[in-house]
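Okay, here's what each chain looks like letter by letter:
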Amino acid sequence: MSLFLPKLTCKKDIDDVIKGVAEKVVVLRFGRDEDTVCLQIDEILSKTAHDLSNMASIYIVDVDKAPIYTRYFDISYIPSTVFFFNGQHMKVDYGSPDHTKFVGSFKTKQDFMDLIEVIYRGAMRGKMIVQSPIDPQNIPKYDLLYHGI
């Protein structure tokens, strides 16, 4: 399904999108095209891309082609979805220790659409962190791994 979503293949492309998209939420899905969970989230992203086109621009990033961002955002589980607004990294409180990214796939299209709406409305009010509208039962659970601490 990621055939219908634009792909960013290098650091320059990612930087240009983050800095260049104005007044919209930039959604970056980090993962691999052949991963089954990535395909699952890509289906949700592609089905909602048109409906959310006034609020969000959605892009696919291959973790192997963007190692700088993969390390920067500590993408150890895929898929991981990161959000920006007007060049600023948007954080979301999912009730987990990591507010920088959403790890895993969204359970429903509506969960993703609600999240984008909350991020968009919060960003328009100047907020840098928003509370997730997603039911905690629909948020995948994972353990954070801290290396070398």
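Figured I'd write up the structure that's included with this text. All values reported here derive from a predicted model rather than from experimental measurement.

### A few points about the pattern of salt bridges
Move 1: By the definition in use, this model includes 8 salt bridges.
Move 2: With a shortest N-O distance of 2.6 Å, Asp15 and Lys11 are connected by a salt bridge. Of this pair, Asp15 and Lys11 both sit in helix H1 (residues 11-20), 4 residues apart, which is roughly one turn of the helix.
Move 3: We classify Lys11 as partly exposed; its relative accessible area is 37%.
Move 4: A single salt-bridge network, built from bridges that share partners, covers Lys7, Arg29, Asp33 and Asp42.

### Observations regarding the packing of helix H2 (residues 36-49) against helix H4 (residues 109-124)
Move 1: Viewed as axis vectors pointing N to C, H2 and H4 meet at an angle of 60°, and their least axial separation amounts to 9 Å. Taken together, the axes of H2 and H4 are oblique relative to one another. The chirality of how H2 crosses H4 is right-handed. The segment H2 lies against H4, with Ile44, Leu45, Lys47 and Thr48 engaging Lys109, Phe112 and Met113.
Move 2: Residue classes in the contact of H2 with H4 are distributed as 4 nonpolar, 1 polar and 2 charged.

### Quick look at H1
Move 1: Turning to H1, its buried residues are Ile14, Asp15, Val17 and Ile18. Seen from one end, H1 has its buried residues packed into an arc of 165°, which puts them on one side. Those residues of H1 that are exposed and aimed more than 90 degrees away from the buried face are Lys12, Lys19 and Gly20.
Move 2: Turning to H1, the residues buried within the fold contact strand S1 (7-8), strand S2 (25-31), strand S3 (56-62), helix H3 (67-72) and strand S4 (80-85).

### What about unusual backbone geometry?
Move 1: The peptide bond linking Ile78 to Pro79 adopts the cis configuration, its omega dihedral lying at -5°.
Move 2: At Asp74, a residue that is not glycine, the phi angle is positive and equals roughly 50°.
Move 3: Tracing the backbone shows Asp74 in the loop between H3 and S4.
Move 4: Here Asn86, not a glycine, exhibits a phi torsion of approximately 50°, which is positive.

Analysis parameters
- Counting restarts for each chain: residues are numbered from 1 in the order of the written sequence.
- Confidence filtering applies because this is a predicted model: local features only for residues at pLDDT of at least 70, side-chain atom pairs given and counted only at 80 or more, and all residues used for totals across whole chains, interfaces and linings.
- In computing side-chain properties, one takes all heavy atoms of the structure into account and sets aside hydrogens as well as water.
- Any carboxyl oxygen of Asp or Glu within 4 Å of a side-chain nitrogen of Lys or Arg constitutes a salt bridge here.
- Strands here mean DSSP runs of E at least two residues long; helices mean DSSP runs of H or I at least four residues long; both are numbered from the N terminus.
- Exposure categories follow from relative accessible area, calculated using a 1.4 Å probe and restricted to protein chains: below 20% of the type maximum is buried, above 50% is exposed, and the middle band is partly exposed.
- For every element, the axis is a line fit to its C-alpha atoms; helices are fit only across the contacting stretch, and the angle between N-to-C directions ranges from 0 to 180 degrees.
- For this classification, under 35 degrees means roughly parallel, over 145 means roughly antiparallel, 65 to 115 means roughly perpendicular, and everything else is oblique.
- Left-handed is the label given to a crossing in which the near helix is rotated counterclockwise from the far helix by less than a right angle, and right-handed is the label when the rotation is clockwise.
- We call two residues in contact whenever any of their non-hydrogen atoms come within 4.5 Å of each other.
- Amino acids are sorted into nonpolar (Ala, Val, Leu, Ile, Met, Phe, Trp, Tyr, Cys and Pro), charged (Asp, Glu, Lys and Arg) and polar (every other residue, Gly among them).
- Within this analysis, the arc is defined by the directions that extend from the helix axis to the C-beta atoms.

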